[in-house]
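Read off the chains here:
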Amino acid sequence: MGPHGPSAAEAREKMLEAYPRKTQRKRGKQMLVNESPSTPAEIGANSRTVPGIITQRGCSYAGCKGVVIGPIYDILHITHGPIGCGFYSWLSRRNMTKIRAEGETNYLQYSMSTDMQEDHIVFGGEKQLAQAIQEAYDEFKPKAISVYATCPVGLIGDDIHSVCRTMKEKLGINIFGFSCEGYKGVSQSAGHHIANNGVFKHMIGLDDSPVEHKYKINILGEYNIGGDAWEIDRIFARCGIKIIGTLSGGVSYGDICNCHMADLNVVMCHRSINYMAEMMETKFGIPWFKVNFIGLEGTKKSLRKIAQYFGDKELIDKVEEVIAAEMAEVRPIINDVKTRTTGKTAALFVGGSRAHHYQDLFEDMDMKVIAAGYEFAHRDDYEGRDVLPNIKIDADSRNIEELEVEADPERFNLRKTVDRKKSLEDSGFSFSDYEGMMRQMKKDTLVIDDISHHELEKLIEFYKPDVIGSGIKDKYVIEKMGVPCKQLHSYDYGGPYAGFKGAINFFKEIDRMTSTKVWKLTRAPWHAGAGESPASEEKVPATV
Amino acid sequence: MLDGTTAEIRERKALRINPAKTCQPIGAMYAALGVNKCMPHSHGSQGCCAYHRSHLTRTYKEPVVATTSSFTEGASVFGGLANLQTALDNIFTIYNPDIVAVHTTCLSEVIGDDIPMIIKKSIESGKIPEGKTVIHANTPSFAGSHVTGYANQLEAFVKYLSESTVEEKKNVINLFPGFVDPSDMREIKRLASLVGVEFIMATDTSDVLDSPADGSYHMYPDGGTKIAELKAMGDSFLSLGLGPTGTEAGTKALEKKCNVPFKTLALPIGVSATDEFVDALRLAGDTSVPTELEYERGRLVDMISDMSQYLHNKKVAIFGDPDHLDSMVRFLVEIGMEPAIVITGTPGKKWERQMKELLPNAEVRAFSDMHYMHQWMKNNSVDLLIGNTYGKLVAKAENIPFVRFGFPILDRVGHRAFPFVGYVGAMRLIEKITDQFFDKRDREDPDHETELIF
């Protein structure tokens, strides 16, 4: 991407070279040079992973239970299936949780499963599931139980929903199921959609208790990894904004049942929860827009937009006051860190929003993001929501239920948000917006959807970025090549990275990673090149 | 922590709470990673492969590559033939392994994909290049546990590859190390070399899942059992399997196929189990035990005698894999401790019977879970908990010392570098256990009782 490394187009060609022809065609559509950021080109996204390609993607169950519903701490979660799925999703996403009241149980510390055995596969597992729900109830007396179907459950035809209905009636608590079998869709993304539908059908709107506050909002698509949601809570509390529910990091079942009382939904992770924002607007009239609390500029912009939405001078002033106070703490740190990070390069291959959000933090540090891509996003996450009408629905997506949502005859527009929305729109304020990742990325950077192991290896070989943000499965591949890797799904035990204090944590972390001496130790003194880090050996400043 | 757990025990028939096991394919993947230039392949939807790679990576802090058939709904309905063939084409073209070890998942097991038939068709259609090998293991997750998957993968290597090519068996033994860490595998090899036995170890994750950082990445590190060695196992005169659950399927298959007799020993954890292993090596090699090893043993016994006063009659709750528990429980008894609760998630009536004979007064259960264990602990308190990372929650809830042992260990780093097997491994266990007791005292003793010496 400059005089020293190959151009992005050449790099793309070279990455594709190794593939069989069919795979070349398929992968070629998912790899783009961002030639005109303001009018992003069409990318192949949300399509099947080619079998045999080493992918970082997971499955529908992981998206539903693991990402969206799993973090709700006071629902008792039961995985219906053989033991593996329940076991692997046991606290493995670092959804930080505090119980809210005395006597509550945090069910995230438990992994519950029907542990299906061969005879359940042969004779059906419905009886086992009903019995498991009963036993869970007897043991814990939870407020609600959710049930997740795994691959074999769908194949043998267990009707988990009818079991849930029967048990709901019998036990008198809310019990509901998710048909999120791993083979549904092409990635975690299908599970997000299924989860959104379930939350909407079985929780949202159950509790109409009024919430007395001037500014009431929900944060959608924030999962409290490393305490991100708590940092956002802290800032909002300082500004005087009430968060009813954060879906679904550090949230309670009760919060979710009541969250339709909000005046506004703001969306962090567009991919995992945009369905919910849309459905809540249709049914209750709550407008939404996209925000980003990762990065200083992103956080400031998002806070200002929220204040502008409420349009109250008191809030607008308060937000400015908070920003000024917080920035006073951040400024000396970022100024110091920038003396070492300016001009360094990064690449990001993460989830369904973080590959975009974290570009803000790197921009704060004057670092260049030379390549980025999502693991399981759709075209709108790359190109912006304006492409939604043009997205072709393929067979894998068609199998995911689309809920028919209508305006609630009584509760729609309770908070007169519709008028407010209209007048704001007339003044140029945008709602239901997401401009996508490619518009923010620089010209001639690489955009790679569902990056494969091979492409990642090539990318490092060509450009040797100073840091790569990725996940656990490729972390040590990257580090073996002498490039530090920051896990941006789970944060490597660290965080928070959201908001102002989070930004400070991240700046310090990247400063450490890009200046650590460890990579210089990879060669012993008796070998040539000792004392040089592999990444800096043929340092090619990428000119983007 | 685990605030919903009470001391009241209700027998559960259908609900597993906090499992002490996981599913077969991760064991198969681990076993396959121990073969040189082998790509483990998960035949099913891609979530399984992602979960297994994540957990193995978190355990070993090393690259764990594996491929998947990436089933979507179509493949689940029409069968996985096309997906597996496409996968093999891609795998050999892009990643060029010498061998692909396919294991099944719940999904491909339920739809009943005939993997040998798919392999045969793939050879016929040229999807498997000449000179390359594809094998398979059936690893349904609704039977057994991760240890069963490990055993089934080893059995598959034997069934597909091992050959009997000579009249008179060679003076070589086969070592099946069981589902232990790379550091343990390295130690098992060191012991065999010290005793002077010629051996083939199958499989071997040392130098694969603990490869050096030298600035370059190798998809296939130098370590691992070579295909030629897996073939040659049929010409060895004896197999030693360490732990029946992890190794008997493989050693038995080798006996059946190539007429190689086998002996099943316990995993060499603790004094007597290591003694038995060393002695079996000595007999097999017709050699003698070197002084160096005698000294190691002596240093271990010395350490046990030094620490005996702090260990004597201390009650232990322990959970893990059956073979690990067999040896570890014996070791705990050897050093004067009292295993009071012993559970495994892996099914095994025979294991349960044998363990109960050894420990008539303990709560012993196979096919059980950590929730029961925790409840038994609430009813009869113990001084120490031993088990994998997930035990941390129970140890925290009960504020008792905790020693990490078994699989997976996601939150500490030492286990992949330092063995628990052999005499040095046992010394490390003593260190871990006593340090935990001392650390707790140092943390909790009032100032006027805090001591610097013991």
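This next bit is on the overall build of chain B. Tallying secondary structure elements over chain B gives 17 helices and 14 strands in all. Summarising its shape, the C-alpha atoms of chain B cover approximately 80 × 55 × 45 Å along the three principal directions. Sequence-distant contacts in chain B: of pairs separated by 6 or more residues, those separated by 24 or more amount to 72%. Of the roughly 16500 Å² that chain B leaves accessible, carbon and sulfur atoms contribute 49%.

Attention now goes to the overall build of chain A. Summing up its helical and strand segments, chain A has 22 helices and 14 strands in all. For 544 residues, the compact-globule estimate of 2.2 N^0.38 gives 24 Å, and the C-alpha radius of gyration of chain A, at 24 Å, lies within 12% of that figure. Dimensions of chain A, computed from the C-alpha atoms along their principal axes, are close to 75 × 65 × 45 Å. Counting over 544 residues, chain A shows a buried share of 67%. Of the roughly 19300 Å² of accessible surface on chain A, 51% is carried by carbon and sulfur atoms. Each charge class in chain A can be summarised by its mean position, and for the 69 positive and 76 negative side chains these summaries are 3 Å apart.

Judged by pairing direction, the sheet is mixed, and its 5 strands sit side by side in the order β5(A)-β4(A)-β2(A)-β3(A)-β1(B) without closing on themselves. Unpaired on one side and paired on the other, β5 (174–178) of chain A together with β1 (16–17) of chain B mark the two borders of the sheet. Note that strand β4 (residues 144–149) of chain A and β5 of chain A share 5 bridges and pair parallel. Paired with Ser-146 of chain A across the bridge in β5 of chain A is Phe-176 of chain A. The strands touched by helix α8 (residues 160–171) of chain A within the sheet are β2 (75–80), β4 and β5 of chain A, with β5 of chain A carrying the most contacts at an inclination of about 175°.

Of the residues lining the interface, 76 residues belong to chain A; the matching set on chain B comes to 79 residues. Summing both sides of the interface, chain A and chain B together bury roughly 6600 Å²; the carbon and sulfur share of this comes to 62%. Looking at the side of chain A facing chain B, the largest losses of area belong to Tyr-88, Glu-139 and Lys-480 of chain A, adding up to 13% of the total buried there. Across the chain A-chain B interface, the total number found is 4 salt bridges. For the salt bridge of Lys-480 of chain A with Glu-62 of chain B, the shortest nitrogen-to-oxygen distance reads 2.9 Å. Across the contact surface, chain A and chain B share 33 residue pairs in polar contact (both at pLDDT 80 or more). Secondary-structure elements contributing two or more residues to the side of chain A that touches chain B are α3 (60–69), α4 (83–88), β3 (112–113), α5 (118–123), α6 (126–140), α7 (151–156), α19 (453–463) and α20 (472–480) of chain A. Per element, the largest residue contribution to the side of chain A that touches chain B is 8 residues, and it comes from α6 of chain A. Partitioning the side of chain A that touches chain B into residue classes produces 37 nonpolar, 25 polar and 14 charged. Examined bridge by bridge, β3 of chain A and β1 of chain B share 2 bridges and lie antiparallel to one another.

Residue and element names in this part refer to chain A. If you trace the 6 strands from one edge of the open sheet to the other, you get β1-β12-β11-β10-β13-β14, paired in mixed fashion. Taken across any chain shown, the strands that pair with only one partner, and hence form the sheet edges, are β1 (31–33) and β14 (485–487). Strand after strand, the sheet turns through a mean of 20° between neighbouring axes, direction not considered. Bridging between strand β13 (residues 467–470) and β14 involves 3 bridges; their strand directions are parallel. Following the sheet pairing, Ile-468 is matched in β14 by Cys-485.

We now examine the environment of Gln-128 of chain A. Looking at the element boundaries, Gln-128 of chain A is found in helix α6. Taking C-alpha positions, Gln-128 of chain A is 31 Å from Gly-205 of chain A, a pair spaced 77 residues apart along the chain. Not counting chain neighbours up to four residues away, the residues in contact with Gln-128 of chain A comprise Thr-114 and His-120 of chain A together with Lys-13 and Ala-14 of chain B.

This next bit is on the pairing of strand β6 (residues 216–222) of chain A. Residue and element names in this part refer to chain A. Across the 7 residues of β6, 7 count as buried, placing the element largely inside the fold. The pairing of β6 with strand β7 (residues 242–248) spans 6 bridges and is parallel. Following the sheet pairing, Ile-219 is matched in β7 by Thr-246. Taking the sense of rotation as the criterion, the β-α-β connection linking β6, helix α10 (residues 228–239) and β7 turns out right-handed. For β6 and strand β8 (residues 264–267), the ladder comprises 4 bridges, and the chain directions are parallel. What sits directly across from Ile-219, in β8, is Val-266.

For the rest of this paragraph, the subject is the packing of aromatic side chains. Two descriptors summarise a pair of aromatic rings, namely the distance from one centre to the other and the angle between the planes of the rings. All names here are of chain B. Counted under the stated rule, the structure contains 36 aromatic pairs over all chains. The interplanar angle of 40° and the centroid separation of 5.0 Å between the aromatic rings of Phe-179 and Phe-407 together place this pair among those described as tilted. One end of the pair, Phe-179, is in the loop between β6 (170–176) and α8 (182–195); the other, Phe-407, is in the loop between β14 (402–404) and α17 (422–444), with 228 residues separating them in the sequence. Residue Phe-179 is classed as buried on the basis of its relative accessible area of 5%.

The next point concerns unusual backbone geometry. The omega torsion of the bond from Leu-247 of chain A to Ser-248 of chain A falls at 0°, within 30 degrees of zero and hence cis. On the secondary structure map, Ser-248 of chain A appears in strand β7. In this chain, Phe-407 of chain B is followed by Pro-408 of chain B through a cis amide linkage whose omega measures -5°. A positive phi angle, close to 60°, is found at Asp-366 of chain A, a residue other than glycine. Relative to the assigned elements, Asp-366 of chain A resides in the loop between α15 (354–364) and β11 (368–373). Classification of Asp-366 of chain A by relative accessible area gives partly exposed; the value is 36%. Here Asn-399 of chain B, not a glycine, exhibits a phi torsion of approximately 50°, which is positive. Secondary-structure assignment places Asn-399 of chain B in the loop between α16 (391–398) and β14.

So, on to the environment of His-77 of chain A. Residue and element names in this part refer to chain A. One can find His-77 in strand β2. Residue classification places His-77 among the buried residues on the basis of a relative accessible area of 6%. Sequence separation of His-77 and Leu-108 is 31 residues, and the distance between their C-alpha atoms is 8.0 Å. A polar side-chain atom of His-77 sits 3.5 Å from the main-chain carbonyl oxygen of Gly-70.

A word on the nonpolar core. Looking at soluble globular proteins, one finds that nonpolar side chains tend to be buried together. If you look at the biggest cluster of nonpolar residues, it comprises 267 residues, and the most contacted ones within it are Phe-236 and Ile-306 of chain A. In this view, Phe-236 of chain A contacts Ile-217, Ile-219, Ile-241, Ile-243, Phe-293, Leu-303 and Ile-306 of chain A; residues no more than four positions away in its chain are not counted. In this structure, Ile-448 of chain A together with Met-39, Leu-84 and Ile-118 of chain B belong to the second largest nonpolar core, which totals 47 residues.

Here we come to the confidence of the model for chain A. Chain-level pLDDT for chain A is 95 on average; 97% of the residues reach the 70-or-more range. Contacts of residues 539–544 of chain A to residues separated by more than four positions or lying in other chains number 21 contacts, the stretch itself having pLDDT below 50.

A word on the confidence of the model for chain B. Taken residue by residue, chain B gives an average pLDDT of 97. The fraction at 70 or more is 100%. Confidence metrics for the complex model read pTM 0.97 and ipTM 0.98.

Attention now moves to a positive patch on the surface. On the surface, Arg-21, Lys-22, Arg-25, Lys-29 and Lys-392 of chain A cluster together to form a positively charged patch. Here Lys-392 of chain A falls in the exposed class, since its relative accessible area comes to 73%.

A few words now on the pattern of salt bridges. Overall, the coordinates contain 70 salt bridges over all chains when judged by the stated rule. Between Arg-282 of chain B and Asp-279 of chain B there is a salt bridge, with the nearest N and O atoms lying 2.8 Å from each other. Note that Arg-282 of chain B and Asp-279 of chain B are positioned in helix α11 (residues 271–285) at a spacing of 3 residues, about one turn of the helix. We classify Asp-279 of chain B as partly exposed; its relative accessible area is 33%. A salt bridge links Glu-363 of chain B to Arg-365 of chain B; its shortest N-O distance comes to 3.8 Å. Overall, the relative accessible area of 31% leaves Glu-363 of chain B in the partly exposed class. One salt-bridge network, held together by shared partners, links Lys-475, Glu-479, Lys-486, Asp-492, Glu-509 and Arg-512 of chain A.

Definitions and cut-offs
Residues numbered from 1 in each chain as written. Chains lettered and ligands numbered in written order. Predicted model: local features only at pLDDT ≥ 70, side-chain atom pairs only at ≥ 80, totals over all residues. Heavy atoms only, no water. Helix = DSSP H or I, 4+ residues; strand = E, 2+ residues; numbered from the N terminus. Contact = heavy atoms within 4.5 Å. Areas by Shrake-Rupley, 256 points an atom, 1.4 Å probe, with all protein chains shown as cover. Rg over C-alpha atoms; globule rule 2.2 N^0.38 Å. Buried < 20%, exposed > 50% of the residue type's maximum accessible area, 1.4 Å probe, protein only. Lys, Arg positive; Asp, Glu negative; His and termini not counted. Charge placed at Lys NZ, Arg CZ, Asp CG, Glu CD. Pairing = 2+ DSSP bridges. Axes fitted to C-alpha atoms, helices over the stretch in contact; angles between N-to-C directions. Buried area = accessible area lost by both parts, 1.4 Å probe. Salt bridge = Lys/Arg side-chain N within 4 Å of Asp/Glu carboxyl O. Polar contact = N/O pair within 3.5 Å; in protein donor to acceptor, adjacent residues only side chain to side chain. Nonpolar A, V, L, I, M, F, W, Y, C, P; charged D, E, K, R; others polar. Right-handed = clockwise from strand over helix to strand, strands pointing away. Phe/Tyr/Trp six-rings, centres within 6.5 Å; stacked < 30°, edge-to-face > 60°. Core = buried A, V, L, I, M, F, W, Y, C linked by side-chain atoms within 4.5 Å. pLDDT = per-residue confidence, 0-100. Patch = residues over 30% accessible without salt bridge, like charges linked within 9 Å, V, L, I, M, F, W, Y side chains within 5 Å.

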